[in-house]
Every structure is written in C-alpha cells, then in structure tokens.
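Structural overview
The chain contents come next:
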Amino acid sequence: MNAMRRPTRWLVGLIGILVTTGLFLVPFAFVFTMAAKDTNEASLLEFSWPTHFQLWQNVVEVFRARDFMLVIAFINSTILTVASVTLMVVFGAMVAYVLDRRKSRLNPLINTLVLAGLIIPPAVVPTIWVMQSLGLFKTLPGLILVEVAFGLAFTVLTMRAFIASIPREIDEAAIVDGAGPLRLFFQVIFPLLRSVIVTIVVVQSIFVFNDFQNPLYFLPGSQNATVQLTLFNYMSQSQTTYNLLFANVLVITVPMLVMYIIFQRQIVAGMTSGAVKG
Amino acid sequence: MSSTTSSRDGSRVSLAKPPRASAEHVDATYPLWFHIPAGVIYIVLFIVPTIFSFYFAFTRWTLFKSTFIGFDNFVLFFSEPGLIGSLRNTLVYGFITSAAKVVLGMLLAVVLSAPIIARGYLRSVTFFPVLVSAVGVGITFQVLLDPFNGIVNKLISSVTGADGPGWLTDPDIALLSVAGIDVWKGLGLATLIYIAGIAAIPNEYFEAARVDGANSWQMFRHIILPLSFPATSTVIILSLIGGLRSFDLIWTTTQGGPGFASDVIASVIYKQYQAGFYGLSTAGNVILFVVVTAIIYPLSRWLNSKETVL
C-alpha cells in the first residue's frame, strides 16, 4: 500500500479533492449560502454567494418563529438525547457486564433478544397501544423510554465485546479490597469503559437527535416538537420560504457536527486501542 | 493480586480469606438483577408490542376495540397495487443501496488508505453527511434536484442542452433517486468500516506481495478483497437492515410518491396509521418483520460461516 510514487500520490489526491468537493462539499455550501440569502433571492434556488448576506438575521428569525418553537424544540431534543443516551449506556453496560461475566441459563435468551433488537423493525401501532395504556403516549418520558428500548441492542452488543477484554483479575482485586457488586461495577468497571462509552454516546446521540420517525409517531403535536419536526414549519405553507428553511437546516445540523469534531480523536482512539492497559 | 488466583468457573482460592462456594460468590458479585432495568424497558416497549402485532394484524382495530377479521388485512395488502408495489420497492431499495455502499465504500476506502495527499480532509468530507439528519438531507436534495430550478438540472442542461430528468417527480426513477441520496448519506459509514478493515490487514502480506512483484491491481484482488471480508459482511448486513426499514429519507423527499412509485413498506405503515387503519398498518409491520428476518437471518449466518472459513 505504501508503494505509491509521488506524482501518483498527488494525482489521486487531487482527483479525490475535486470529486469529493463536487459531491459532498457543494451541498453543504449550498445550504449555507441559501441560509444567508433574503427571501426573494433564495426562491431562485441558485448556487451563488448572497448579494445581501443576512445569515444572522435569518437565524434569529428562525428561532423566533411561531412563539420560539425552535427554542422549545431544542430544549426537548436536548432532554431527549441526554436522558435516553444516559439510560442506554448505564442500563446497557449493566446487562453487557453480567452477560459477559456470569454463565447463566438466561444468557442464550438474552443473546437472542439482543439479535432480535438489531433486526426486527419496531411494531408501531402496538407500541402506541402499550404506551397509551401506561399513560406514556405523547409524553417526553415515553419517547425517551422508546428510544432506550430501540437503542439497547446495539449498546449491549458493542459493550459486551469491550467488557470481555477487561481482565477478571480487576474484579477479583476489587472484591478482595472489600467492594460490593454495585461499587465494583460503578466505581471500578464503569470508568474502564470510557472509550467504548464515548463511541456509543456519539453514535447514539447522532441517531436520537436526528431521529424523525419515532418523534413523529410517539410524540406528535407542535407544542412538544423535536428539532427535526420544526423543518416542516417552512414547507407545509403555500409558499416555501427557502432562506428560513435552510437556516433551520443549518441550525439543527451544527450541534452534531460540533460534537463529532470534539470527539473525533477519542472515537478513533477508542476504536484502535481497545483493551485495557496494565 | 499474587495471593489470589481465579479458576475457570469463577471460584476464588485466596490465601488471605477462606474459599467460598463458587455459585454464591458469582451470585453476589454479578447479580442477575442488573438485567432488570434494561429488561423491563425492552420487554414492555419492544417485545410486547412485537408479540401483540401478530394478533392485531388480523383485526380491524381502533386502539380501544379490535375485531378479529382473519387474513383480510393481508389479502387487502397483497391485492392492492399501491400496497403490493411497496413490497417490491422495499426490496429494490434495500438491495440497491446495500450493493452500492459495498462497492463504492470499498473503492473509496482503498483510495483513502493509500498515502495520498489531503487524506485526513478527504476522510472527514466523505463522513460529514453521516452526521446530518435524514430530514435535512432530504430537504436539501429536494431543492438541489428540483426539475426546473434545481442546480443539478441546470448543470445538465447547460452541458448537454437537453432538460434533465424529474429526479423525484418521474415515477420511473423517483425510487432510484431516493436510493442515490441514501447512498450519498450513508457512504461515509461504509467507508469508515472498510478503512478499519483494511487497516487490520497485517502489513506482511503487502510486503510479501511487493517482493513477489505484485502490481496494485493484484494486491487489491488477492489481498485487500479477500482479507477485508469481515468488513464487507458488516457493511452488507448493516446497510441492508437500514435500507429495508428506511422511512425518514423517503418520507422527506417524495412521501412515497409520485402516486405510489416510491412507497416502501415503512411509508405504507405510516400512511395507513394516519388514515386510522391500525389493523392494516400493523399487518404492514408484520410483513416488514417477515421480509427483514427472512433475508437478514440466513444471510448473516451464511456470511458468518464464510468468515470462519477464511
């Protein structure tokens, strides 16, 4: 793989830059320029630099629209993402840990359930039926628990592989030092899972924050919208206001881009290093 | 540590403390109640609805009252052209997106594993679409692919002089256009998996091949292609599961239209739910369950068996 001659390295790199710029960067640049235009110029749908650059004004207007609906949606989405990912990670780690450490008659059943969770599409209306009988339908806690239920399988599967690489001697040492099962797990094992937790948190946060289908089914109604549903504010009306629509797209895309950039190195480190040192 | 040794069944032989019964020890250290919090949420909100879907699919249902009607929902599903078409579209969509992600992801990963200039930049740029929501991507492409004013068709007509196709409005190509957008959005993930797979191939193989005078194509064909098979099977399974269940992108670009041209089972489930046909919607769910399981389960077993042969 390292046998490339210098001209080839430059040539392939340059072709790559041209192709990826055209395919991947132009759509992003298009969103950005549209978000900075005034309404008339944006309606032409052209890819050009805005004559009146009014990005800030558009962003403010998007946040103020419909009684600060986007602000409320951001609060809802933040609560939804933080709560569901936290529960997924803690509860998922507990399952993965006991599943790996303890041979039990339950294990084959749990393994089957985990695989089922990865493959089976959730049954929508029966889920609504169950939630309604529990008083969880159309509530944020209900949606949080649904996201946890749908995300657990992936979390358990990923964590189990990682926990298997943590030597049991660590458990033994902690027990000799007098730690009970709760302290052993939360104070000794859980901190060692840091790198896999970062990976899962990033992946699941992207999934939950960007989710459209589950809020659409389980938390309908504009007063408790999540950020993905706010986009339809600017489309369902007779005339689409494209500059505000794209300002909205931009605003709800930024959080996940920033999170990825912050954690990029740790994700790569978590994927490559794997095992516990010492 | 030196005073403690652990045997296979988890019992401890400690010099400092008298040994305890192994079952009791395991029981105390790894309590089974750790399964309960996750288990309750998972069973109540996922397993129970899944099991009940097999009953409600055979009923006329208002959420409060259900009447058993036998196979009527399924008969309706398979006789209505708009509904049976969604089954075909689901399969087409799933297989096309999966195949494209395998081929393009592999090619891109090979290029991005080579020592080319601006490699970090290229890796980031191809991964960024993965971070954008399907709704955001769908809306953006709806505008980019606008038949008259979209920049894609403006580019086509300025180069060829002819009008570009109605990407999302022509019933013959709407589904393929959405599949293309799906590939655009998901390619970065497939590429990332392949890059990890190629990086895991021991360097000795490449060195030995170079000593034997292999060219780049031979290295790709005889080293990278067979030895990145675990990555291939991961990409196939993941993208097929995602593709067969896909809803967000289709709903935000075409809403299953024009007509029923790009309806998939997941969008039919939503439409029937909106229309209040809860039994029919649940029958769609059962059909999707059967389709996904009947494809993924044997396929993953077959891929696993090939993986262990290697």
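Residues numbered from 1 in each chain as written. Chains lettered and ligands numbered in written order. Predicted model: local features only at pLDDT ≥ 70, side-chain atom pairs only at ≥ 80, totals over all residues.

Some thoughts on the overall build of chain A
Stated formally: In DSSP terms, a helix is any run of H or I states spanning at least four residues, a strand is any run of E spanning at least two, and both are numbered starting from the N terminus. For this measure, only C-alpha atoms enter the radius of gyration; the expected value for a globule follows 2.2 Å times N^0.38, where N is the number of residues. Put simply, a residue is buried when 20 or more other C-beta atoms lie within 10 Å of its own C-beta and exposed when 12 or fewer do; between those, it is partly exposed, and each C-beta is set from the backbone. Each residue is represented by a C-beta atom placed from its backbone, and any two residues with such atoms within 7 Å are regarded as in contact.
Secondary structure summary: chain A contains 12 helices and 0 strands in total. Taken over C-alpha atoms, the radius of gyration comes to 24 Å for chain A, far larger than the 19 Å a tight globule of 278 residues would show. Oriented by its inertia axes, the alpha-carbon framework of chain A measures out at about 70 × 65 × 35 Å. Residues counted as buried form 42% of the 278 residues belonging to chain A. The long-range share in chain A, meaning contacts at least 24 apart out of those at least 6 apart in sequence, stands at 75%.

Regarding the overall build of chain B
Secondary structure summary: chain B contains 14 helices and 4 strands in total. A compact globule built from 310 residues should have a C-alpha radius of gyration of about 19 Å, whereas chain B, at 26 Å, is more than 25% larger. For the C-alpha atoms alone, the extent of chain B along its principal axes is close to 85 × 70 × 30 Å. Across the 310 residues in chain B, those meeting the buried criterion constitute 40%. Put simply, of all contacts in chain B between residues at least 6 apart along the chain, 65% involve residues at least 24 apart.

Regarding the interface of chain B and chain A
Interface size is commonly expressed as the accessible surface area that is lost when the partners come together. Between chain B and chain A, the residue contacts involve 72 residues of the former and 74 residues of the latter. In terms of residue count, the dominant contributor to the side of chain B that touches chain A is helix α2 (residues 36–56) of chain B (13 residues).

So, the packing of helix α5 (residues 119–131) of chain B against helix α8 (residues 174–199) of chain B
Residue and element names in this part refer to chain B. Applied cut-off: Whenever a helix is involved, its axis is fitted only over the stretch in contact; in every case the axis is a line through C-alpha atoms, and angles between N-to-C directions fall within 0 to 180 degrees. Roughly parallel means an angle under 35 degrees; roughly antiparallel, over 145; roughly perpendicular, 65 to 115; everything else is oblique. Take the far helix as the reference: if the near one is turned anticlockwise from it by less than a right angle, the crossing is left-handed, and if turned clockwise, right-handed. Residues are grouped as follows: Ala, Val, Leu, Ile, Met, Phe, Trp, Tyr, Cys and Pro are nonpolar; Asp, Glu, Lys and Arg are charged; every other residue, Gly included, is polar.
The N-to-C vectors of α5 and α8 enclose an angle of 120°; their axes lie 7 Å apart at closest approach. It follows that α5 is oblique to α8 by the angle criterion. Crossing hand, α5 versus α8: left-handed. The segment α5 lies against α8, with Thr126, Phe127, Phe128, Pro129 and Val130 engaging Trp184, Lys185, Gly186, Leu187, Gly188, Leu189, Thr191 and Leu192. Of the residues in the contact of α5 with α8, the class split is 8 nonpolar, 4 polar and 1 charged.

As for the nonpolar core
What counts here: Residues of type Ala, Val, Leu, Ile, Met, Phe, Trp, Tyr and Cys that are buried and joined through C-beta atoms within 7 Å form what is called a nonpolar core.
Counting 148 residues, the largest nonpolar core has Met94, Val95, Ala149, Leu152 and Phe246 of chain A together with Tyr194 of chain B as its most contacted members. In terms of residue count, helix α3 (residues 55–101) of chain A provides more of this core than any other element does, 16 residues in total. Residue contacts for Tyr194 of chain B: discarding those within four places in its chain leaves Gly105, Met106, Ala109, Ser228, Ala231 and Val235 of chain B.

Overview of unusual backbone geometry
A positive phi angle is found at Phe68 of chain A, which is not glycine, with a value near 55°. Position of Phe68 of chain A among the secondary structure elements: in helix α3. Since 12 C-beta atoms lie within 10 Å of it, Phe68 of chain A is described here as exposed. You will see that Gln255 of chain B, though not glycine, has its phi angle at about 50°, which is positive. As for its placement among the helices and strands, Gln255 of chain B is situated in the loop between α12 (248–253) and α13 (265–274). With 13 C-beta atoms counted inside 10 Å, the residue Gln255 of chain B sits in the partly exposed group.

Here's the deal with the confidence of the model for chain B
All names here are of chain B. Stated precisely, the cut-off is as follows: In predicted models, pLDDT denotes the confidence assigned by the predictor to each residue on a 0 to 100 scale.
Here chain B averages 85 in pLDDT, while 91% of its residues score no lower than 70. Model confidence for chain B, summarised as mean pLDDT per element, is weakest for strand β1 (residues 4–6) at 42 and strongest for α2 at 94. This model gives residues 1–21 a pLDDT under 50, and the stretch forms 29 contacts once residues within four places in sequence are excluded.

Side note on the environment of Gly136 of chain B
Positionally, Gly136 of chain B belongs in helix α6 (residues 134–144). As a C-alpha pair, Gly136 of chain B and Pro31 of chain B span 105 residues in sequence and 44 Å in three-dimensional space. In contact with Gly136 of chain B, other than residues within four places in its own chain, are Val249, Ile252 and Thr253 of chain A.

Overview of the confidence of the model for chain A
All names here are of chain A. Per-residue confidence for chain A gives a mean pLDDT of 86, with 92% of residues at or over 70. Highest mean pLDDT in chain A belongs to helix α5 (residues 124–133) (93); lowest belongs to helix α12 (residues 242–273) (80). Counting interchain partners and residues more than four positions distant, the pLDDT-below-50 stretch residues 272–278 has 6 contacts.

Observations regarding the environment of Ala164 of chain A
Residue and element names in this part refer to chain A. Examined against the element boundaries, Ala164 turns out to sit in the loop between α6 (140–163) and α7 (168–176). A residue is classified by how many C-beta atoms lie within 10 Å of it, and Ala164, with 14 of them, is partly exposed. Spatially, the C-alpha atom of Ala164 lies 9.8 Å from that of Leu99, the residues being 65 residues apart in sequence.

Structural notes on the environment of Leu238 of chain B
Inspection of the secondary structure puts Leu238 of chain B in helix α11 (residues 229–245). Assessed through the 17 C-beta atoms surrounding it within 10 Å, Leu238 of chain B is described here as partly exposed.

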